[in-house]
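Listed below, chain by chain, are the residues.
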Amino acid sequence: MGTTWNDKKLGFGLMRLPMKDDQIDIAATCELADAFIANGFTYFDTAYVYPGSEDAFREAVVKRHPRESYTVATKMAAWLLNDTLSAEDMLNEQLERCGVEYFDYYLLHSLQASRVEVFEKKDCWSFCQKKKQEGKIRNYGFSYHGDPVLLDQLLTDHPDVDFVQLQINYVDWENDAILARANYEVCRKHTKDIVVMEPVKGGILASLKPELMANFQALDPDASAASYALRFTASLPGVKMVLSGMNTMEQLTDNMKIFSSFVPLNDKEHAVIREVSEALLSAPTIPCTDCRYCVKGCPMEINIPDIFKASNMILRFGDHSRPHFYYAGLLATGSGKAGSCVECGQCEAACPQHIHIIERLKQASEWLDV
């Protein structure tokens with residue numbers, strides 16, 4: 001069976017669902033899913049490693065709506081496969097969690113250079129082909145976080161892939177760290193359908209600084225910042241679905257309005273988006289090159305370069321949840337807090353960029369250690 005897509009390109013990302021008492025709020029999720037389906041949208045996106053997400057999908061959608069009214073995509077976390085958990089085991093567990101007999105879309109999750117070997121070693125590509133033949137998977141692809149050279153090689157080696165999920169938004173379009181445009185062009189070269197993740201960059205592009213938002217308000221005072229980000233990605237040829245992690249009815253309603261009667265960006269809107277993107281990318285940031293010389297010998301084991309990445313998110317985009325989420329992950333994996341610096345100065349002596357690290361860590365602590 002070939003890949004089929006709903007003409008309405010909005011996909012419901014289930015990574016960050018509404019919460020209540022530290023648990024996914026199933027009742028609220030049901031309300032969102034009901035409205036989504038009632039308005040003709042069908043695509044739900046989950047993953048094995050999204051805590052509680054596949055179960056929540058079963059409760060909110062599968063148990064309450066006919067199978068023909070929705071499609072579901074989920075992802076294989078190959079790095080978790082081992083002698084006691086095979087690809088077959090993971091797929092069967094996912095089918096049970098989601099309460100379905102097959103997946104419309106199945107992805108190898110988060111492919112990048114550091115993970116290619118494990119996907120090859122576990123023979124995940126052949127596994128997906130086999131399960132597609134068996135009808136357990138209708139279409140298969142992968143989500144991607146690498147460079148265009150590797151992407152081109154993967155699609156050359158695996159031409160049977162139906163689609164690729166890419167991080168695309170107007171800020172990352174020309175971002176050398178993400179290479180959104182280049183990866184998009186590789187998929188177009190291989191004539192692969194594209195699913196977009198992070199169209200509003202984790203919510204950052206949904207809430208711009210007032211001076212930047214004024215650029216969009218001059219076009220339409222009633223349009224949200226998120227609408228321009230979503231329309232940017234959905235206007236690209238070959239993009240079949242745009243994922244949005246919606247956890248309030250307000251977000252859902254705004255997004256459904258955009259996609260129910262979709263209008264591609266015009267030249268004037270593209271010009272304004274370029275202006276906003278250039279302003280965001282030109283904001284002064286900490287000139288860290290991630291050489292990591294500063295980390296060696298830090299008595300407090302502070303992951304300075306990655307804390308600076310979180311700081312740069314705030315400097316560039318304003319104080320959003322994303323840098324705080326990123327910082328929490330750093331602490332969880334062993335980094336000392338920004339505020340734990342004892343001002344010994346060894347990091348500044350080692351820094352080839354001559355960054356005033358001690359002062360920058362104090363600033364980071366004010367933002368992040370809250």
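Residue indices follow the written sequence of each chain, beginning from 1 at its first position. Given that the model is predicted, a residue must reach a pLDDT of at least 70 before its local features are reported, and side-chain atom pairs must reach 80 or more before they are shown or counted; all residues, however, enter totals for whole chains, interfaces and linings. Side-chain measures here rest on the full set of heavy atoms in the structure, leaving out hydrogens and waters.

A.B. asks: So, the overall build of the protein chain: which residues are in play, and what are the values?
C.D. replies: The way it works is that DSSP assigns letters per residue, a run of H or I at least four long becomes a helix, a run of E at least two long becomes a strand, and they are numbered from the N terminus. Helix and strand content of the protein chain: 15 helices and ten strands. What the globule rule says is 2.2 Å times the number of residues to the power 0.38, and the radius of gyration is computed from C-alpha atoms. Scaling as 2.2 N^0.38, a compact globule of 370 residues should have a C-alpha radius of gyration of about 21 Å, and the protein chain matches this with 22 Å. Each principal axis of the C-alpha atoms in the protein chain carries an extent, and together these give about 60 × 55 × 45 Å. Per-residue burial over the protein chain gives 51% buried out of 370 residues. By the convention used here, residues are in contact when the closest approach between their heavy atoms is within 4.5 Å. Long-range contacts, defined as pairs at least 24 residues apart, comprise 74% of the intrachain contacts of the protein chain with a sequence gap of at least 6. Approximately 17100 Å² of the protein chain is accessible, and the part contributed by carbon and sulfur atoms is 50%. In this tally, Lys and Arg are treated as positive and Asp and Glu as negative; His is ignored, and so are the chain termini. Charge positions come from single atoms, namely NZ of Lys, CZ of Arg, CG of Asp or CD of Glu. Charge centroids of the protein chain, computed over 37 positive and 51 negative side chains, lie 2 Å from each other. Residue exposure (1.4 Å probe, protein chains only): buried if accessible area is under 20% of the type maximum, exposed if over 50%, otherwise partly exposed. Residue-level accessible areas treat just the shown protein chains as cover; the underlying method is Shrake-Rupley with a 1.4 Å probe.

A.B. asks: Got a sec to walk through the nonpolar core? Specific residues and values, please.
C.D. replies: Of all hydrophobic cores here, the largest spans 91 residues; its most connected members are Phe44, Met76, Phe142, Ile168 and Tyr170. By residue number, the principal contributor to this core is helix α9 (residues 225-234), which donates seven residues. When residues no more than four places from it in sequence are discounted, the contact partners of Phe44 are Phe12, Leu14, Ala33, Phe36, Ile37, Phe57, Val61, Tyr70, Thr71, Val72 and Ala73. Only buried residues count toward a nonpolar core. Its members are Ala, Val, Leu, Ile, Met, Phe, Trp, Tyr and Cys residues joined through side-chain atoms within 4.5 Å. Ile286, Phe308, Leu315 and Ile355 belong to the second largest nonpolar core, which has 20 residues in total.

A.B. asks: How would you summarise the sheet that holds strand β6 (residues 103-111) if you had to cite specific residues and measurements?
C.D. replies: At least two bridges found by DSSP between two strands are what make those strands a pair. Spatial strand order, β1-β4-β5-β6-β7-β8-β9-β10: eight strands in a closed barrel with parallel pairing. In this sheet, adjacent strand axes meet at a mean angle of 30 degrees when their direction is disregarded. Bridge count for β6 against strand β7 (residues 137-144) is six bridges, and the pairing is parallel. The residue of β7 that forms the bridge with Leu108 is Phe142. Angular values range over 0 to 180 degrees, each being the angle between N-to-C directions of two axes fitted as lines to C-alpha atoms, with helices fitted over their stretch in contact.

A.B. asks: Give me the lowdown on the environment of Asp369, citing residues and values where you can.
C.D. replies: In this structure, Asp369 sits in the segment after α15 (357-368). Overall, the relative accessible area of 26% leaves Asp369 in the partly exposed class. Along the primary structure Asp369 and Ser340 are separated by 29 residues, whereas in three dimensions their C-alpha atoms are 9.8 Å apart. Apart from the residues within four sequence positions on either side, Asp369 is in contact with Tyr327, Lys337, Ala338, Gly339 and Ala364. In protein, a polar contact requires one atom able to donate a hydrogen and another able to accept it; more generally it is a pair of N or O atoms within 3.5 Å, and residues adjacent in sequence count only if both atoms are side-chain atoms. Side-chain polar atoms of Asp369 contact the backbone nitrogen of Gly339, separated by 2.9 Å. For Asp369, the side chain forms a polar contact with the side chain of Ser365, separated by 2.7 Å.

A.B. asks: Could you give me a rundown of the packing of aromatic side chains, with the residues and numbers involved?
C.D. replies: When two rings of Phe, Tyr or Trp (its six-membered ring) have centres within 6.5 Å they constitute a pair, described as stacked for plane angles under 30 degrees, edge-to-face for angles over 60, and tilted for the intermediate range. Using the criterion set out here, one finds 20 aromatic pairs in the structure. For the pair Phe44 and Phe57, a centre-to-centre distance of 5.6 Å together with 55 degrees between the ring planes defines the contact as tilted. Here the residue Phe44 occupies a position in strand β4 (residues 43-45), and Phe57 occupies one in helix α2 (residues 53-62), the gap between them amounting to 13 residues. Phe57 sits in the buried class, given a relative accessible area of 2%. Taken together through their ring pairs, the aromatic side chains of Phe12, Phe36, Phe41, Phe44, Phe57 and Tyr70 make up a single cluster. When the NZ atom of lysine or the CZ atom of arginine is within 6 Å of a ring's centre and also within 35 degrees of its normal, the charge is said to sit over that ring. Here Lys8 stacks its cationic end above the ring of Phe41, 5.0 Å away from the centre of that ring. Just above the ring of Tyr102 sits the side chain of Arg138; from NZ or CZ to the centre is 3.8 Å.

A.B. asks: Residue-level account of unusual backbone geometry, with values.
C.D. replies: Unusually for a residue other than glycine, Asp21 sits at a positive phi of about 55 degrees. Checked against the element boundaries, Asp21 lands in the loop between β2 (19-20) and β3 (23-24). By relative accessible area, Asp21 is classed as exposed at 68%.

A.B. asks: Provide a residue-level description of the packing of helix α6 (residues 148-157) against helix α7 (residues 180-189), including the pertinent values.
C.D. replies: Put simply, α6 and α7 touch, their axes get as near as 9 Å, and they point 20 degrees apart. Here α6 lies roughly parallel to α7, going by the angle between them. Of the two possible hands of crossing, α6 and α7 adopt the one that is right-handed. Every residue of α7 that contacts α6 at Pro148, Leu151, Asp152 and Leu155 is listed here: Ala182, Asn183, Val186, Cys187 and Lys189. Gly falls in the polar group here, along with every residue not listed as nonpolar (Ala, Val, Leu, Ile, Met, Phe, Trp, Tyr, Cys, Pro) or charged (Asp, Glu, Lys, Arg). Among the residues forming the contact of α6 with α7, the class breakdown is six nonpolar, one polar and two charged. If an angle is under 35 degrees, it is roughly parallel; if it is over 145, roughly antiparallel; if it lies from 65 to 115, roughly perpendicular; otherwise it is oblique. By the definition used in this description, the sense in which the near helix is turned from the far one sets the handedness, with an anticlockwise turn below a right angle giving left-handed and a clockwise turn giving right-handed.

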